[in-house]
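Breakdown of the fold
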Amino acid sequence: MAKLVTIFGGSGFLGRYIARRMAQEGWRVRVAVRRPNEAIFVRPYGVVGQVEPVFANIRDDASVRAVARGADAVVNCVGTFDWRGRNAFEAVQAEGAARIARIAAEEGVERMVHISAIGADPEGPSRYQRTKAEGERRVLEAMPQAVILRPSVVFGPEDNFFNRFAGMTRISPILPVIGGATRFQPVYVDDVAQAAVLGVTGRAAPGVYELGGPDVESFRELMVQMLGVIRRRRLVLSLPFWLGWLMAAGFDLLETATLGLIHNGVLTRDQLKSLRRDNVVAPDARGFADLGIEPSAMEAVLPDYLWRFRPSGQYAEIKDSARNLRSR
């Protein structure tokens, strides 16, 4: 019988790519999510019955045990940017990760891949970074042979990074950025998925890997590159951190005052703290080279999905060709 992998958060941005690759590897795939009915789209990743969405809540032992039982490997893709509520940093990134690893060990699961993030640090300035580090520590405590992947900002068709800022250019002549000098090393989502598959199948040695693409750019430089891809002229305005702090505090206060009815999806004070540190692969870290993976460059991927933000959308190339013909 084909081996079985349970992917927690398997319908999310990264999780769906791992699920697809694991199905291509011939594995049976359990996509463990809170809302299985919204994850039905993963079923066509394999043959009938090969990929199935199932219910799981990583805050509940019985729920996690039910989907981990019988699995040969588990992958934890669950993360959050929520700073308050039942699914805040500690509950998801520390306690949730620890619960999955502990129960996987108790159920005799052979391998675990845990998705963390560059910047995970027990002494980090933000709760996001500290809880990521705590999750890593507790995963390795329960599953010492786990593979931990720390990607930089992940990009791809469903991302909430380039898509978000490209969308802003449709309604504003100004593109404000805070921490414009902070450096990032964006990594293509399917490259991270490929690394996860190597961990699940035992083709990657246990340990921590930091994953970044071939391009290291400042936040401001990334926005300029994105504008070039979508062919829009916008003023990229770098705002000082003190102004960002006032904005983030206001958004956080609004969320608190409305008891979460108005969610702060713009900028939180915790995100601002993370932005003070570069998000790049450490010089001495293991990475893609150790996994035998050649990471994809942004310029090879961004046009494939950001074209819809161009003023002429899918017709931009046709218009350029017609313009060239007229000029001749």
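Whatever comes next refers back to the structure up there.
Structure report, in brief.

The rules behind the values
Residues numbered from 1 in each chain as written. Predicted model: local features only at pLDDT ≥ 70, side-chain atom pairs only at ≥ 80, totals over all residues. Heavy atoms only, no water. Axes fitted to C-alpha atoms, helices over the stretch in contact; angles between N-to-C directions. Helix = DSSP H or I, 4+ residues; strand = E, 2+ residues; numbered from the N terminus. Parallel < 35°, antiparallel > 145°, perpendicular 65-115°, else oblique. Contact = heavy atoms within 4.5 Å. Nonpolar A, V, L, I, M, F, W, Y, C, P; charged D, E, K, R; others polar. Buried < 20%, exposed > 50% of the residue type's maximum accessible area, 1.4 Å probe, protein only. Arc of directions from axis to C-beta. Polar contact = N/O pair within 3.5 Å; in protein donor to acceptor, adjacent residues only side chain to side chain. Pairing = 2+ DSSP bridges. Phe/Tyr/Trp six-rings, centres within 6.5 Å; stacked < 30°, edge-to-face > 60°.

Here we look at the packing of helix H3 (residues 89–106) against helix H4 (residues 127–142)
Here H3 crosses H4 at 10 degrees, and the two axes come no closer than 8 Å. The angle between the axes of H3 and H4 places the two elements in the roughly parallel class. Contacts between H3 and H4 pair Phe-89, Glu-90, Gln-93, Ala-94, Glu-95, Ala-97, Ala-98, Ala-101, Arg-102 and Ala-105 from the former with Arg-127, Tyr-128, Thr-131, Lys-132, Glu-134, Gly-135, Arg-138, Val-139 and Ala-142 from the latter. For the contact of H3 with H4, the class distribution of residues is nine nonpolar, three polar and seven charged.

Some remarks on helix H2 (residues 61–68)
Working note: α-helix, 3.6 residues per turn, so residues spaced by three or four point in the same direction. Restricting attention to buried positions, one finds in H2 the residues Ser-63, Val-64, Val-67 and Ala-68. Considered in projection along H2, the buried side chains sweep an arc of 125 degrees and stay on one side of the axis. On its buried face, H2 sits against strand E1 (4–8), strand E2 (28–33), strand E3 (51–55) and H3. Between the side-chain oxygen at the start of H2 and the backbone nitrogen of Ala-62 there is a gap of 3.4 Å, and the oxygen is on Asp-60.

Comments concerning the sheet that holds strand E6 (residues 147–151)
One open sheet holds the seven strands; their spatial order is E3-E2-E1-E4-E5-E6-E11, and the pairing between them is parallel. Of all the strands in the sheet, just E3 and strand E11 (207–211) have a single pairing partner and so form its edges. Each adjacent strand pair in this sheet contributes to an overall mean axis angle of 20 degrees, direction not counted. Where E6 lies against E11, five bridges are found, and the strand directions are parallel. From the neighbouring strand, Pro-151 faces E11, where its bridge partner is Leu-211.

A word on the packing of aromatic side chains
Enumeration according to the criterion identifies eleven aromatic pairs in this entry. Geometrically, the ring pair formed by Phe-155 and Tyr-188 is tilted, given 5.8 Å between the ring centres and 35 degrees between the ring planes. Here the residue Phe-155 occupies a position in strand E7 (residues 154–155), and Tyr-188 occupies one in strand E10 (residues 187–188), the gap between them amounting to 33 residues. The exposure class assigned to Phe-155 is buried, which follows from its relative accessible area of 1%.

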